[in-house]
Amino acid sequence: MAHKGAREIALDVLNRVEQHKSYSNLELKHVLERGELRAPDAGLVTELVYGTIQRRLTLDEVLAHFVRGKKLQLWVRNLLRLSLYQIRYLDRIPARAAVHEAVEIAKRRGHQGIASMVNGVLRNVLRQPDVWERLPEGDAARRLAVEESHPEWLVRRWIAAYGEAATRAICASNNRPPHASVRVNTLKLTRDELLERLREEYPDAAPSPLSPHGILFPGGHAAGTRWFSEGYFTVQDESSMLVAPALAVQPGMRVLDACAAPGGKTTHLAELMQNKGEIVASDVHPHKRELIAENADRLGISIITPITSDALDLPDRGLGAFDRILLDAPCSGFGVIRRKPDLKWNKTPDDVAAIADLQYRLLERVAGMLAPGGLLVYSTCTIEPEENQSVVRRFVAEHPEFALDEALAQDLPEAAREKLDGHAGYVQVLPHHFDSDGFFIARLKRKR
Ligand SMILES: C[S@@+](CC[C@H](N)C(=O)[O-])C[C@H]1O[C@@H](n2cnc3c(N)ncnc32)[C@H](O)[C@@H]1O
């Protein structure tokens, strides 16, 4: 069998994601781990898969002009999407090359008729470049949805919550590639010391403007470096680095991390506690316990006890009271669309309502384990008010022994403090604020 090129492999991944409703990052990992691709091809496959999923609605809108009424097989539609993506968004690939490849793939997989149709559609698009600029019909939300390729229902919700300009900025930011960042392990060295070492090989490494523990790590596979193996850092998004400091931990405290795997924030807490005290790190999935343990080992942390439990059952496990509790809740993930573009297409308003309901129940259950005077941080990587502000506001309304803690501001870096809502008990970082993940962080205090 002929060796498959990057485009055909990308097409296989796109087809599988759609047929099996699977996650593109997992399907990609599968393909890349087979090790059949050279690094540049692996990069191209990744870009084609994420880009095509990212821009799906815009691509389909343009496609609709040229295939009016024709029923396309799934693989043919994906081949056309993939090719349009290259034509529109990848400057380094000449349009003619994209068309030629598509026609060859169509011949191999289908028959001459399909190849001619693919050729015709793509050449028509090339002949009418202004088709990309034609505004879709409809109101502002519909147009924004098509132009920035986001589901209309989501765009409508964001416009209601944040206004049109911010929504446009959120969507545009979601369409930009994420940048890599790492968090220094302060048990081993300072950020400046790590920066100095990294710059020997990565001269563009730079301090994060958002987190004092963060370093921007451009153009490299951070987890593949020797510094990672030696435990000098954790790969983590900059917004995510704001969560552990929001708990204002001290060495010697008892801390519960109720949804902990793979331990990104648990290990940050341990570093802030100077590896003194006790952290119970729980997650519902048994196989994830090992991930937390491995990360702790690699970083030289000894105070973390990983356990497996549904957070709803934690109060029944006789764990006692905690000085600090982190509930980094499962969520819709709409703050990390740039990393997982399928999320925006797969989730529905009902999913948001269901997860918000679970989040509230999780919060109610774990909050009961907080010692009087203690602090609880509720965080998510989403920007849906229903999963964020609504959850914590309802919680304090129904539990007068808890209050949103305005002193949170003191434990946020200056850049994040500027994004504090009128109410200082929580902060919603949006993806375009710092070109980092969208994150919500609320701090609750249990009255004495
Ligand atoms: C946002 S992730 C946590 C990320 C983690 N805090 C970190 O920084 O690395 C949410 C986690 O909650 C876990 N989870 C989902 N439902 C849960 C439940 N009912 N009880 C406990 N853990 C749950 C998932 O397995 C997932 O690992």
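Values in this document were obtained by computation on a predicted structure and should not be read as measured data.

A. Representation of the overall build of the protein in the model. Counting its regular elements, the protein contains 19 helices and 12 strands. Expected size for 448 residues packed as a compact globule is a radius of gyration near 22 Å; at 24 Å, the protein falls within 12% of this value. Seen through its C-alpha atoms, the protein measures out along the principal axes to roughly 75 × 50 × 40 Å. Across the 448 residues in the protein, those meeting the buried criterion constitute 44%. Across the protein, every contact between residues at least 6 apart in sequence was considered, and the portion connecting residues at least 24 apart equals 71%.

B. Representation of the pairing of strand S9 (residues 370-380) within the structure. Burial of S9 is extensive: eight of the 11 residues sit out of reach of the surface. Pairing geometry for strand S8 (residues 322-328) and S9, over six bridges, is parallel. Bridge pairing links Ile-325 to Leu-376 in S9. In terms of strand pairing, S9 meets strand S12 (residues 439-446) through six bridges, oriented antiparallel.

C. Structural context of the confidence of the model for the protein. Averaged over all residues, the pLDDT of the protein is 95; the fraction at 70 or higher stands at 99%. Among the scores for the predicted complex, ipTM is 0.99 and pTM is 0.94.

D. Geometry of the domain arrangement of the protein. For the protein, the assigned domains are domain 1 (6-132), domain 2 (140-174), domain 3 (181-235) and domain 4 (240-446). The C-alpha centroid of domain 3 is placed 34 Å from the C-alpha centroid of domain 2.

E. Main features of the UniProt feature "active site" (unreviewed entry) in the protein. Using the residue numbers shown here, the UniProt feature "active site" (unreviewed entry) corresponds to Cys-381. Looking at the element boundaries, Cys-381 is found in the loop between S9 and helix H17 (389-398). Not counting residues within four places of it along the chain, the set of residues in contact with Cys-381 comprises Cys-331, Gly-333, Gly-335, Val-336, Asp-437, Gly-438 and Phe-439.

F. Quick look at the sheet that holds strand S2 (residues 206-207). The four strands lie next to each other as S2-S3-S1-S4, forming an open sheet whose pairing is antiparallel. Strands with a single pairing partner mark the edges of an open sheet, and in this sheet they are S2 and strand S4 (233-235). Judged from the two bridges that link them, S2 and strand S3 (residues 214-216) form a sheet pairing that is antiparallel. Within S3, the residue paired with Ala-206 across the bridge is Leu-216.

G. Focus on the site of the ligand. As a structural note, the neighbourhood of the ligand is formed by 16 residues, with Cys-259, Gly-264, Val-284, Ala-311 and Asp-328 the closest of them. Considered class by class, the residues forming the shell around the ligand number eight nonpolar, three polar and five charged.

H. Broad picture of helix H1 (residues 6-20). Across its 15 residues, H1 extends 21 Å between first and last C-alpha, which sits within 8% of the 21 Å expected from 1.5 Å per residue. Listing the buried residues of H1 in full gives Arg-7, Ile-9, Ala-10, Leu-11, Val-13, Leu-14 and Val-17. Of the surrounding secondary structure, the elements contacted by the buried residues of H1 are helix H2 (24-33), helix H3 (39-54), helix H5 (74-89), helix H6 (95-109) and helix H15 (342-346). Downstream of H1 by one or two residues, Lys-21 has phi in the positive range, about 50°.

Calculation rules
Residues numbered from 1 in each chain as written. Predicted model: local features only at pLDDT ≥ 70, side-chain atom pairs only at ≥ 80, totals over all residues. Helix = DSSP H or I, 4+ residues; strand = E, 2+ residues; numbered from the N terminus. Rg over C-alpha atoms; globule rule 2.2 N^0.38 Å. Buried ≥ 20, exposed ≤ 12 C-beta atoms within 10 Å, placed from the backbone. Contact = placed C-beta atoms within 7 Å. Pairing = 2+ DSSP bridges. pLDDT = per-residue confidence, 0-100. Domains from an automatic or database assignment. UniProt positions renumbered as here; feature names shortened; annotations may be inferred. Near = placed C-beta within 6 Å. Nonpolar A, V, L, I, M, F, W, Y, C, P; charged D, E, K, R; others polar. Expected span 1.5 Å × (residues − 1).

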